[in-house]
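Okay, here's what each chain looks like letter by letter:
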Amino acid sequence: MVQVSKKIMPQKIMIVEDNELNLKLFTDLLRAHQFVVEGVKDGRLALEQAKMFAPDMVIMDIQLPHVSGLDLIEAMQKDADLAAIPVLAVTAYAGKGDEERIMAAGARGYLSKPVGMVKFLEAVRGVMG
Ligand code: MN
């Protein structure tokens, strides 16, 4: 019996994050762990970019100018091309009821900033499945 090696496809992650430093930190960390990463700073471009990039998952900042990450998660759920893509939400202000609202919008996971590297990677792998 010949052992067929499993084909390794790089997993693609799209990060929607308006803060340049956070975007760079997340991107560098994920690239160092062999993920292919696309960053989007303007949430208004997120849906269009997701359709072009076809990521295996999306990391979504909730506090964005122009459009909230929450609205973007809801819009993804209503879009046949994007509904199946798992979303990990990241938020700076974890107020009462925020987690419930974010999960109800369709996110598969939730992290509050600041987040450590180990916890971040665990959450990414957990949401990616
Ligand atoms: Mn933000």
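Overview of the structure. Model, not experiment: these values are computed from the prediction.

**Overview of the side chain of Gln49**
Consideration 1: Relative to the helices and strands, Gln49 is located in helix H2 (residues 46–53).
Consideration 2: Among the polar contacts listed, one links the side chain of Gln49 to the side chain of Glu38, at a separation of 2.7 Å.
Consideration 3: Not counting the four nearest positions on each side in its chain, Gln49 is found in contact with Met14, Glu38, Val40 and Ala54.

**Quick look at the coordination of the manganese ion**
Consideration 1: Every protein donor of the manganese ion is accounted for by Asp18 (OD), Asp61 (OD) and Gln63 (O), and the metal-donor separations fall at 2.1 Å.
Consideration 2: Sequence spacing of the donor residues for the manganese ion, all on one chain, is D-x42-D-x1-Q. In this pair, Asp18 sits in the loop between strand E1 (12–16) and helix H1 (20–32) while Asp61 sits in strand E3 (residues 57–61), placing the two residues 43 residues apart along the sequence.
Consideration 3: Looking at Asp18, the relative accessible area reads 31%, which means it is partly exposed.
Consideration 4: For Asp61, a relative accessible area of 2% puts it in the buried group.

**Examining the sheet that holds E3**
Consideration 1: The parallel open sheet is built from five strands, whose spatial order is E2-E1-E3-E4-E5. The sheet terminates laterally at strand E2 (36–40) and strand E5 (109–112), the two strands that pair on one side only. Each neighbouring strand pair of the sheet contributes to a mean axis angle of 20°, computed without reference to strand direction.
Consideration 2: Bridge analysis of E1 against E3 gives four bridges, and the strand direction is parallel. The residue bridging Ile13 from the neighbouring strand is Met57, located in E3.
Consideration 3: The strands touched by helix H4 (residues 98–105) within the sheet are strand E4 (87–91) and E5, with E5 carrying the most contacts at an inclination of about 145°.
Consideration 4: Those strands touched by helix H5 (residues 117–128) are E1, E3, E4 and E5, and its axis lies near 130° from that of E3.

Criteria and thresholds
Residues numbered from 1 in each chain as written. Predicted model: local features only at pLDDT ≥ 70, side-chain atom pairs only at ≥ 80, totals over all residues. Heavy atoms only, no water. Helix = DSSP H or I, 4+ residues; strand = E, 2+ residues; numbered from the N terminus. Polar contact = N/O pair within 3.5 Å; in protein donor to acceptor, adjacent residues only side chain to side chain. Contact = heavy atoms within 4.5 Å. Donors = N, O, S within 2.8 Å, 3.2 Å for Na, K, Ca; no water. Buried < 20%, exposed > 50% of the residue type's maximum accessible area, 1.4 Å probe, protein only. Pairing = 2+ DSSP bridges. Axes fitted to C-alpha atoms, helices over the stretch in contact; angles between N-to-C directions.

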